[in-house]
Amino acid sequence: MNFTNNGGNGWQGGNNGGYNNGYNNGNTDFNQSMFGNQNMNGGYNNGYNQQYNQYQQPQYNQYQQPQYNQYQQPQYNQYSYNNGMNANRTSSFMDSFANPRIRSLSKHAGEYSDAGVSTFGGVAAKTVYLVLVFALGLAAFFILHAAFAKNSVITDGGLLYPQEFPIYIGALILSLIAGIVTAVSPKTTAFFGTIYCVCMGYAVTVTSYAYAQEYKGIVFEALGLTLLIIGVLTVLYSKGVIRVTSRFRKVTYTTLIVSVLASLIFLIVYLIAPNSSFVTSIIEINNGPIGILIAVVGVILASAVLTIDFDNAAQTVQQGLPKTYEWVAGFGLVTGVIYLYLKVLRLLARIQNNK
């Protein structure tokens, strides 16, 4: 470091800034290491000092810039919850769900950060549990039906004892409420899913009992055909023949919503004016060949819904979602099977009715 020559230049620079300031500006090396002064006033500093000061400029100090400091950026800091699981992948996966019950659960993901991750075994265990609960509702019908038979008499050619109607209506109402609650608050699926399954077990058994009294052997045929469809769908989905895309989901759920709304409209009109021409014409259509075609469409729709439930369960495990999602996946599978069974039962009834 040469203080003599640089000091002279510093003296010239000091004409604008005083001896001390000029000396420091002229002694670039000294100034860099001791004072960090970037004054560009006069002399030697104007031409020479810039090449040393450039590494203090923001445009050269790239590692202080946000675009280069990538590990402070949100898009790179992806491992933010569930012990290292990818939050962004989970969010995009959940946003792709057309199922409102599954999609709304993503809002509560932070509540389950320490619960572990979903597994196929966990989904299977929850599904089996809900099936057993459904079986309890089924058994409850036969136990109560036998108990009422000792003290009651079926009148007017009906199928149920008078005490069974309030239970049946109550089961339908409770299952509807439980289904809505699980859709709004997925974290409650374990509890309200249990209520839904036991109530639907009773209600579906009543429906099956009514069909069995009208059409001999139809329940066993419906069960066999439902299991066959489930097996075929499982193979086709596992082999990749059926792919659940975003468009597949949208078309399926749009059709499902239209179907539900049409059924509600018919039910309301039926309750208000059961003998109206609208109601009688719809009943006549459903009892004819067109009714069979509509029933076939219903089975196809139910099969598509169940396929989506397969995909939801698979993606739940593959994406490593929290274990609470196992309840949602299992609940979706059980409700999908119930829906498919009821559609198959209706199709077989209409086929036999047209013979």
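In what follows, the accompanying structure is described. All figures in this text were calculated on a predicted structure; none of them were measured in a lab.

**Let's talk about the state of the cysteines**
Working step 1: The full count for this structure, using the stated rule, is zero disulfides.
Working step 2: Left without a disulfide partner, C199 is nearest to the cysteine sulfur of C197, which lies 9.5 Å away.

**Some words on the environment of A329**
Working step 1: With respect to the secondary-structure elements, A329 resides in helix α14 (residues 324–353).
Working step 2: A329 sits in the buried class, given a relative accessible area of 4%.
Working step 3: Spatially, the C-alpha atoms of A329 and N312 are 6.4 Å apart, while their sequence positions differ by 17 residues.
Working step 4: In this structure A329 touches V123, A313 and T316, once residues within four positions along its chain are discounted.

**Some words on the side chain of T307**
Working step 1: With respect to the helices and strands, T307 occurs in helix α13 (residues 289–318).
Working step 2: With residues near it in sequence (within four places) discarded, T307 still touches L233, Y237, I242 and V244.

**Here's the deal with the packing of helix α11 (residues 246–272) against helix α12 (residues 277–286)**
Working step 1: Where α11 meets α12, the closest approach of the two axes is 9 Å, and the angle between their N-to-C directions is 125°. In terms of orientation, α11 and α12 fall into the oblique class. Both α11 and α12 take part in a crossing whose hand is left-handed. Along the contact surface, α11 presents F266, V269 and Y270, while α12 presents F278, V279, I282 and I283.
Working step 2: Of the residues in the contact of α11 with α12, the class split is seven nonpolar, no polar and no charged.

**A look at the packing of aromatic side chains**
Working step 1: One pass over the structure, following the stated rule, counts eight aromatic pairs.
Working step 2: Consider the rings of F141 and F142, whose centres lie 5.2 Å apart with planes at 75°: the pair is edge-to-face.
Working step 3: Here F141 falls in the buried class, since its relative accessible area comes to 0%.
Working step 4: In this structure F142 comes out as partly exposed when scored by relative accessible area, which is 45%.
Working step 5: Cluster of aromatic residues (ring-pair linked, three or more members): F141, F142, Y202 and Y209.

**Section: a nonpolar patch on the surface**
Working step 1: Where nonpolar side chains cluster on the molecular surface, the patch consists of I257, V260, L261, L264, L267, I268, Y270, L271, I272 and I283 and spans about 970 Å² of accessible area.
Working step 2: Sort the elements by how many residues they give to the nonpolar patch and α11 lands first, with nine residues.
Working step 3: When you line up the elements, L267 lands in helix α11.
Working step 4: On the basis of relative accessibility, which here comes to 43%, the residue L267 falls in the partly exposed class.

**Thoughts on the layout of surface pockets**
Working step 1: For the second largest pocket, the calculated volume is near 870 Å³.
Working step 2: Lining the second largest pocket are 31 residues; nearest its centre among them are V131, F134, L223, V337 and I338.
Working step 3: For the lining of the second largest pocket, the secondary structure elements donating two or more residues are α7 (120–151), α9 (189–214), α10 (218–238), α13 and α14.
Working step 4: Grouping the amino acids of the lining of the second largest pocket by side-chain chemistry returns 26 nonpolar, five polar and no charged.

**Quick notes on the nonpolar core**
Working step 1: Formed by 45 residues in total, the largest nonpolar core has its most connected members in C197, I218, F310, L340 and V344.
Working step 2: If you list the elements that add at least two residues to this core, you get α7, α9, α10, α11, α13 and α14.
Working step 3: Looking at this core, the element that brings in the most residues is α14, giving 13 residues.
Working step 4: Of all hydrophobic cores here, the second largest spans eight residues; its members include F141, Y168, A171 and Y202.

**A few points about the side chain of T189**
Working step 1: With respect to the helices, strands and loops of the structure, T189 is situated in helix α9.
Working step 2: Residues in contact with T189, not counting those within four places in the same chain, are T182, T194, W327, V328 and F331.

**Some thoughts on the environment of P322**
Working step 1: Here P322 lies in the loop between α13 and α14.
Working step 2: In the structure, P322 is positioned 206 residues away from G116 in sequence and 5.6 Å away in space, judged by C-alpha atoms.

Conventions used here
The numbers attached to residues start from 1 for each chain and follow its sequence in the written order. Side-chain atom pairs in this predicted model are given and counted only at pLDDT of 80 or more, local residue features only at pLDDT of at least 70, and totals for whole chains, interfaces and linings cover all residues. Each side-chain value is worked out from all heavy atoms of the structure, with water and hydrogens disregarded. We call a pair of cysteine sulfur atoms a disulfide whenever their separation is within 2.5 Å. Numbering goes from the N terminus for both helices and strands, where a helix is a DSSP run of H or I of at least four residues and a strand is a run of E of at least two. Working definition: with a 1.4 Å probe on protein chains only, accessible area under 20% of the residue-type maximum means buried, over 50% means exposed, and in between means partly exposed. The contact definition used throughout considers only heavy atoms, calling two residues in contact when any of these lie within 4.5 Å. Here an axis means a line fitted to C-alpha atoms, over the contact stretch when the element is a helix, while the angle between two N-to-C directions is reported on a 0 to 180 degree scale. Reported orientations rely on four angle classes, namely roughly parallel under 35 degrees, roughly antiparallel over 145, roughly perpendicular from 65 to 115, and oblique for the rest. Definitions for this section: a left-handed crossing has its near helix turned counterclockwise from the far helix by less than a right angle. A right-handed crossing has that turn clockwise. Only Asp, Glu, Lys and Arg are considered charged in this grouping, and only Ala, Val, Leu, Ile, Met, Phe, Trp, Tyr, Cys and Pro are considered nonpolar; every other residue, Gly among them, is considered polar. When two rings of Phe, Tyr or Trp (its six-membered ring) have centres within 6.5 Å they constitute a pair, described as stacked for plane angles under 30 degrees, edge-to-face for angles over 60, and tilted for the intermediate range. Residues form patches when they are more than 30% accessible in relative terms and have no salt bridge. Like charges link within 9 Å. Nonpolar side chains (Val, Leu, Ile, Met, Phe, Trp, Tyr) link within 5 Å. With residues, only the protein chains shown are counted as cover, and all accessible areas are computed by Shrake-Rupley using a 1.4 Å probe. For salt bridges, the criterion is a side-chain nitrogen of Lys or Arg within 4 Å of an Asp or Glu carboxyl oxygen. Only protein atoms enter the 1 Å grid used here, on which a cavity is any set of points holding a 1.4 Å probe that cannot leave and a pocket is any open set flanked by protein within 12 Å on both sides along at least five of seven lines; residues with an atom within 4 Å of a point are listed as lining. Grid points are joined across faces, edges and corners, and a volume is the space filled by probe spheres set on the points. Grouping buried Ala, Val, Leu, Ile, Met, Phe, Trp, Tyr and Cys residues that are joined through side-chain atoms within 4.5 Å yields what is termed a nonpolar core.

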